[in-house]
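A structural walkthrough
These are the residues of each chain, in order.
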Protein chains: 2
Amino acid sequence: MSANSILLDFSLDPARIIDEISRKDIVRVCKEGLEKYLAGLKISYDMLTTDGYLCLLNETGTGTIVTIRFFEQGLITINVEYYRKDGDEPKISFDNMKMLENGLRIRLEAIRSKHLPPIKRGRNVDVYLTSSDERVIEYDIDRVLFDKRSEFQKIQIVHSRSLGNMLVLDELQNIAEADLIYTETLMCRGTEDYAGKEICILGGGDGALLYELLKENPKHVVMLEIDEIVMQACNKYMNSICGDVLEKRTDDNYEIIVGDCMVHLKRYIKEGRKFDYVFGDLTDIPISDTPTGEIWDFIRMILEHSFQVLKPTGKFMTHGNGVSCPESLRMYEDQLAKLTPKVTFTKSSAFVPSFMEEWVFYQVQRDAAGNANATDSV
Amino acid sequence: MSANSILLDFSLDPARIIDEISRKDIVRVCKEGLEKYLAGLKISYDMLTTDGYLCLLNETGTGTIVTIRFFEQGLITINVEYYRKDGDEPKISFDNMKMLENGLRIRLEAIRSKHLPPIKRGRNVDVYLTSSDERVIEYDIDRVLFDKRSEFQKIQIVHSRSLGNMLVLDELQNIAEADLIYTETLMCRGTEDYAGKEICILGGGDGALLYELLKENPKHVVMLEIDEIVMQACNKYMNSICGDVLEKRTDDNYEIIVGDCMVHLKRYIKEGRKFDYVFGDLTDIPISDTPTGEIWDFIRMILEHSFQVLKPTGKFMTHGNGVSCPESLRMYEDQLAKLTPKVTFTKSSAFVPSFMEEWVFYQVQRDAAGNANATDSV
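Keep in mind the model is a prediction, meaning the values are calculated, not measured.

**Thoughts on the environment of Val-245 of chain A**
Residue and element names in this part refer to chain A. Within the fold, Val-245 resides in helix H8 (residues 245-248). Residue Val-245 is classed as buried on the basis of its relative accessible area, which comes to 2%. Here the alpha-carbon distance between Val-245 and Ile-256, two residues 11 residues apart in the chain, equals 8.6 Å. Not counting the four nearest positions on each side in its chain, Val-245 is found in contact with Gly-207, Leu-210, Tyr-211, Leu-214, Tyr-254 and Ile-256.

Spelled out as structure tokens, the structure:
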């Protein structure tokens, strides 16, 4: 059950939009085209707007409303909106949408035209997620398996037909069963040697990083995750990516500590405990292009404390942002440049299926020479 | 420059939608929320619909129109629509959209709420493509590099910030520079041994398959592509995936023939020419769930002719469809079951970046035992 918004648009010579006679003619053509799929349409209202014209039509006997707008720039938009109940056929099928668009394009002598698959609104299963650069992506999500608000965030596990089960935190896609490449690129599998190493994961509540690291025979991994409910959800629904590490919580070679990673990092600093690798697997780097505010302070604080528990040759490994967000990546690199001690970094990247975009990962280490600069291995 | 459609929706107790007083109250709350980002809003029209209520507001002094609809099922949809010129700031920024949605959700005591990134309409660069199962995906396409209609199809090469250059045929994403995995999964790299083999490609105009096959030291590859313009476009803009094979057209170990593959297959049958592999790299298997009509006949004809030019142990390799289209995959398999000679098949699959979905590929060969059945290697 959802309200469907069918969106069509046509670009025309702007001159044809202005005068009333050709406008009436265009409305008539649109109405006739639509009436192949909708019962009789009646104009219930129209008005001149500051940049064009708008008219509202309703379908006889139903709640279907059509809005036709003219923009002086030479654009006509058509919205067809109606409530589609479960089991109801769509008013205009996918194939008919194409025919409608093509038919109107020809009759309107449009320069270009476009239709979108219907936007479904008000569904219990939300299928629309947003990329790092604010693009809309409709996922093939068909079920919500888990939906709870913890003290820290909104936690959902949904099922996608092509990506498997997927963890969504605060409406952001985090990791799906199809995302092994995410973990492998974060840890630079095949390049980094974890055998016999001591490792600390900050965050990582989905368990995938811990699970994959343990396959590389590290000496010991400690994981510091604040959200117990994320771990319970992933343990139940994401076994293919986290195995039994969230179920067992501890073993000879690893330990999961539920708590604020900053508290434990500070304790490690006091104790003089050192690691070969620290993984920053916390929230994403913010998209915002002003480097002020809490989030960048938090990121810098995490980095600074991490370097205090890293051995001199140790590495800080973390996820960055989408390739489509160069400003955000640059700002993260600006934070790295400000760090004490001076660091150098490399980057890796991969197309992450559940993100539907290419993602950048950082490997940061102390700069022996004392000057900060980047080596790009993307 | 584009018209922007900002779409919001809120689910409420249906009882609150029906009576006029609470409806007026809801409209007032929505109006107040929107007026944080829009100049004064005035109701210019409202009406009862068969399944609810609609009201139209316009922003003082601008062409911005807000449509608020009530559906008796307990859904309120809000559309904010305006023309955004190049360089204009959005009326409601991404962060403000979130605040608006959250603010209204709380004030309306909504059970759920949602907003989408603005849908851009009427742009010269079309960023919305559709998945195999009719989902809308907004790509990070920023330029059109090539745009021409050949005798056979509409050919575009566009640039995506994360996928590189991308071939789009008749509005369908075909292959992008980031899609090596597509070609490797189609050819089952690492599993199939092409050294010393004779190969025929049907279609394959982007040149990627030919380019990758030639790296495996085949005896000879012949490629039969009908559309000269596709090859010219890919040769110019897709070099990273096709190398110089489209430029050279022929060499000791390969030959590209421009023409209808059926004509040449028939010639090979007459000549008794045989191949170790035939690749079906033509148009996609149709989505339609009725196995009638030209397209399935064409697919079966291609298969039948291919097996006539295949050695007894030869294989027919082809792309299928998205994992999200099980009906379409099943129908292809139904076609395989009808074939003479009897065949067996295996499947491979991979997440193809430019498709933004998991894609299935088929490897079909004569069944020595004479009975058709599938071995699923996905």
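**What to know about the relation of the copies chain A and chain B**
Superposing chain A onto chain B requires a rotation of 180 degrees together with a translation of 0.1 Å along the rotation axis, leaving an RMSD of 0.1 Å. Overall, the copies show the geometry of a two-fold rotation axis. The position closest to the rotation axis in chain A is occupied by the C-alpha of Ile-137 of chain A, lying 2.2 Å away. An overlap of 100% is found between the interface residues of chain A and their copies at the interface of chain B, pointing to a shared contact surface.

**Examining the packing of aromatic side chains**
Residue and element names in this part refer to chain A. One pass over the full model with this rule turns up 26 aromatic pairs over all chains. Seen in terms of ring centroids, Tyr-182 and Phe-361 are 5.2 Å apart; in terms of plane orientation they differ by 70 degrees. Their pairing is edge-to-face. Placement of the pair is Tyr-182 in helix H4 (residues 180-186) and Phe-361 in strand E21 (residues 357-366), with a sequence separation of 179 residues. Of the residues examined, Tyr-182 reaches a relative accessible area of 6% and is grouped as buried. Given a relative accessible area of 0%, Phe-361 falls into the buried group. With a centroid separation of 6.1 Å and 35 degrees between ring planes, the pair formed by Tyr-194 and Phe-279 is classed as tilted. Of the two residues, Tyr-194 is situated in the loop between H4 and strand E14 (198-203) and Phe-279 in strand E18 (residues 275-281); the sequence distance between them amounts to 85 residues. A single burial state applies to Tyr-194 and to Phe-279, both of which are buried. Through successive ring pairs, a cluster of aromatic residues spans Tyr-182, Phe-355, Trp-359 and Phe-361. The ring of Tyr-82 is capped by Lys-91, whose NZ or CZ atom sits 5.8 Å from the centre of that ring.

Cut-offs applied
- Chains are numbered independently. Their residues run from 1 in the order of the written sequence.
- Note on labels: chains are lettered from A, ligands numbered from 1, in written order.
- Where totals are concerned, whole chains, interfaces and linings use all residues; where local detail is concerned, this predicted model gives features only for residues with pLDDT of at least 70, and gives and counts side-chain atom pairs only at 80 or more.
- Calculated side-chain values reflect all of the structure's heavy atoms, with hydrogen atoms and water omitted.
- Each helix is a run of DSSP H or I of at least 4 residues and each strand a run of E of at least 2, with the numbering of both proceeding from the N terminus.
- The buried label applies to any residue whose accessible area, calculated with a 1.4 Å probe on protein chains only, is under 20% of its type's maximum; exposed applies above 50%, and partly exposed to all values in between.
- Residue contacts are defined here by distance: any two heavy atoms, one from each residue, within 4.5 Å place the two residues in contact.
- Only residues with pLDDT of at least 70 in both copies contribute their C-alpha atoms to the least-squares superposition of the copies.
- Here is the rule: rings of Phe, Tyr and Trp (six-membered ring for Trp) pair when centre to centre is within 6.5 Å. Planes less than 30 degrees apart are stacked, more than 60 are edge-to-face, and the remainder are tilted.
- Either the NZ atom of lysine or the CZ atom of arginine qualifies as a charge over a ring when it sits within 6 Å of the ring centre and within 35 degrees of the ring normal.

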